[in-house]
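Listed here are the chains, written in short residue letters.
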Amino acid sequence: MISCRNLTRRFGEFTAVDGLTFEVAVGAICAFLGPNGAGKSTTVKMLTGLLPPSSGEVEVCGIEVCGMKVQSDPLELKRRIGVLPEDLGLFDDLTVEEHLLLTGSVYGVERHEARSRTNQLLHALSLEHGRHTFAASCSHGMRKKTSFAMALLPNPRVLFLDEPFEAIDPVTSRIMRGLLESVSRRGVTVFLTSHILSVVEQIATQLIMIRKGKIVWDSPIADLPQALEQHYFDLVEAPVVEELEWLGPARS
């Protein structure tokens, strides 16, 4: 469902993504992990057609996003995927409800069906009370949930989610996890980035870890030789432990 071959992106002399090659199968929940600046968001932008690679090939849903073949209909990919982008992609002057109805219109969902899906998503994500709130007045958590709902509404074949669990309360996190597990069972492929390893360990079926733009691990989660957190520390980024002697009881 997602295929990358030698995917590379350079910005001047800096190589942000360096020769990524991987496959993600239909119905998988693939967690794409790495520290800030490792190239995760840049990779997602290339996979979704928002950023051209410097070299390499990408295929999503059987569509050549970039590579040797000519893409005859560049909008066809957009019709088959749902995206929660790094910047959330919201309009300050639209309400939560208006964002979802607009998404339905853009994707060609019939008006009555878009209204029905909107109501279901607002209820499922506890956004009903804020349906008439303008995005500019929403908390970050509400904005995140709105963008997540927009990604789900068109019933995509592949979901690309950039940090979906950041700034989300525990109840909503559990609801979102349940929704992702449900769509995965129905054959939707999920590709997500996250720093919240405890959530990743619960829902991911595949793990890809990158460091400085290169893949350092790619396997089913069942093949991890140790706990995910420790494996991440060993391969990607070890925590710095430093004693700050000046922190302690206040002097009288």
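First, a word on what this report is: a plain description of the structure on this page. Bear in mind the structure is a predicted one, so any value in this text is a computation, not a measurement.

Calculation notes
Residues numbered from 1 in each chain as written. Predicted model: local features only at pLDDT ≥ 70, side-chain atom pairs only at ≥ 80, totals over all residues. Heavy atoms only, no water. 1 Å grid on protein atoms, 1.4 Å probe; cavity = no way out; pocket = protein on both sides within 12 Å on 5 of 7 lines; lining within 4 Å. Points joined across faces, edges and corners; volume = space filled by probe spheres on them. Helix = DSSP H or I, 4+ residues; strand = E, 2+ residues; numbered from the N terminus. Nonpolar A, V, L, I, M, F, W, Y, C, P; charged D, E, K, R; others polar. Salt bridge = Lys/Arg side-chain N within 4 Å of Asp/Glu carboxyl O. Phe/Tyr/Trp six-rings, centres within 6.5 Å; stacked < 30°, edge-to-face > 60°. Buried < 20%, exposed > 50% of the residue type's maximum accessible area, 1.4 Å probe, protein only. Lys NZ or Arg CZ within 6 Å of the ring centre and 35° of its normal. Expected span 1.5 Å × (residues − 1). Contact = heavy atoms within 4.5 Å. Polar contact = N/O pair within 3.5 Å; in protein donor to acceptor, adjacent residues only side chain to side chain. Axes fitted to C-alpha atoms, helices over the stretch in contact; angles between N-to-C directions. Parallel < 35°, antiparallel > 145°, perpendicular 65-115°, else oblique. Left-handed = near helix turned anticlockwise from the far one by under 90°. Pairing = 2+ DSSP bridges. Patch = residues over 30% accessible without salt bridge, like charges linked within 9 Å, V, L, I, M, F, W, Y side chains within 5 Å. Areas by Shrake-Rupley, 256 points an atom, 1.4 Å probe, with all protein chains shown as cover.

Focus: the layout of surface pockets
- Taken as a whole, the largest pocket holds about 480 Å³ of empty space.
- What lines the largest pocket is a set of 17 residues, among which Val83, Pro85, Gly89, Tyr107 and Met150 lie closest to the centre.
- Sorting the residues of the lining of the largest pocket by element identifies β6 (81-84), α3 (96-106) and α5 (140-152) as the ones contributing at least two each.
- Take the lining of the largest pocket: its biggest share by element is four residues, from α3.
- Taken together, the residues of the lining of the largest pocket break down into 11 nonpolar, five polar and one charged.
- For the second largest pocket, the calculated volume is near 400 Å³.
- For the second largest pocket, the lining is made up of 14 residues, of which Leu121, Leu152, Leu179, Val183 and Arg186 are closest to its centre.

A few points about the pattern of salt bridges
- Applying the stated rule across the entire model yields 11 salt bridges.
- Here Lys214 makes a salt bridge to Asp18, at a shortest N to O gap of 2.8 Å. Of this pair, Lys214 sits in strand β10 (residues 214-220) while Asp18 sits in strand β2 (residues 14-24), and the two are 196 residues apart along the sequence.

Some details on the packing of aromatic side chains
- All chains considered together, the criterion is met by five aromatic pairs.
- Measuring from centroid to centroid gives 6.2 Å for Phe22 and Phe32, while their planes differ by 35°, and the two rings are tilted. With Phe22 in strand β2 and Phe32 in strand β3 (residues 29-33), the pair connects residues that are 10 residues apart, well separated along the chain.
- Since its relative accessible area comes to 0%, Phe32 is described here as buried.
- Taking the centre distance of 5.9 Å and the plane angle of 10° together, the rings of Phe22 and Phe191 count as stacked. Residue Phe22 is located in strand β2, and its partner Phe191 is located in strand β8 (residues 189-193); the two are separated by 169 residues in the primary sequence. Each member of the pair, Phe22 as well as Phe191, is classed as buried.
- An aromatic cluster is built from Phe22, Phe32, Phe160 and Phe191, whose rings are joined through pairwise contacts.
- Against the face of Phe11 rests Arg9, its NZ or CZ located 4.6 Å from the ring centre.

A short note on helix α6 (residues 170-185)
- Given a rise of 1.5 Å per residue, 16 residues ought to cover 22 Å, and the 23 Å separating the end C-alpha atoms of α6 matches this to within 8%.
- Elements in contact with the buried residues of α6: β3, α5, β7 (158-162), β8 and α7 (197-203).
- The N-cap of α6, judged by a side-chain oxygen 3.1 Å from the amide nitrogen of Val171 a few residues on, is Asp169.
- Gly187 sits one or two positions beyond α6 and adopts a positive phi of about 100°.

Structural notes on the packing of α3 against helix α4 (residues 111-124)
- The N-to-C vectors of α3 and α4 enclose an angle of 140°; their axes lie 9 Å apart at closest approach. Classified by the angle between their axes, α3 and α4 sit oblique to one another. As for the relative orientation of α3 and α4, their crossing is right-handed in sense. The segment α3 lies against α4, with Val96, Glu97, Leu100, Leu101 and Gly104 engaging Ala114, Arg115, Thr118, Leu121 and Leu122.
- Of the residues assigned to the contact of α3 with α4, the class counts are six nonpolar, two polar and two charged.

Thoughts on the environment of Asn6
- Topologically, Asn6 is positioned in strand β1 (residues 2-11).
- In contact with Asn6, other than residues within four places in its own chain, are Gly19, Leu20, Thr21, Ser55 and Gly56.

Quick notes on the sheet that holds β10
- Read across the open sheet, the six strands follow the order β6-β7-β8-β3-β9-β10; overall the sheet is mixed. Edge positions in the sheet fall to β6 and β10, since each of these pairs with one other strand and no more. For this sheet the average axis-to-axis angle between neighbouring strands, irrespective of direction, equals 15°.
- When β3 meets β8, the two strands line up parallel, connected through four bridges.

What to know about a nonpolar patch on the surface
- Where nonpolar side chains cluster on the molecular surface, the patch consists of Phe91, Leu102, Val106 and Tyr107 and spans about 390 Å² of accessible area.
- Structurally, Val106 is set in helix α3.

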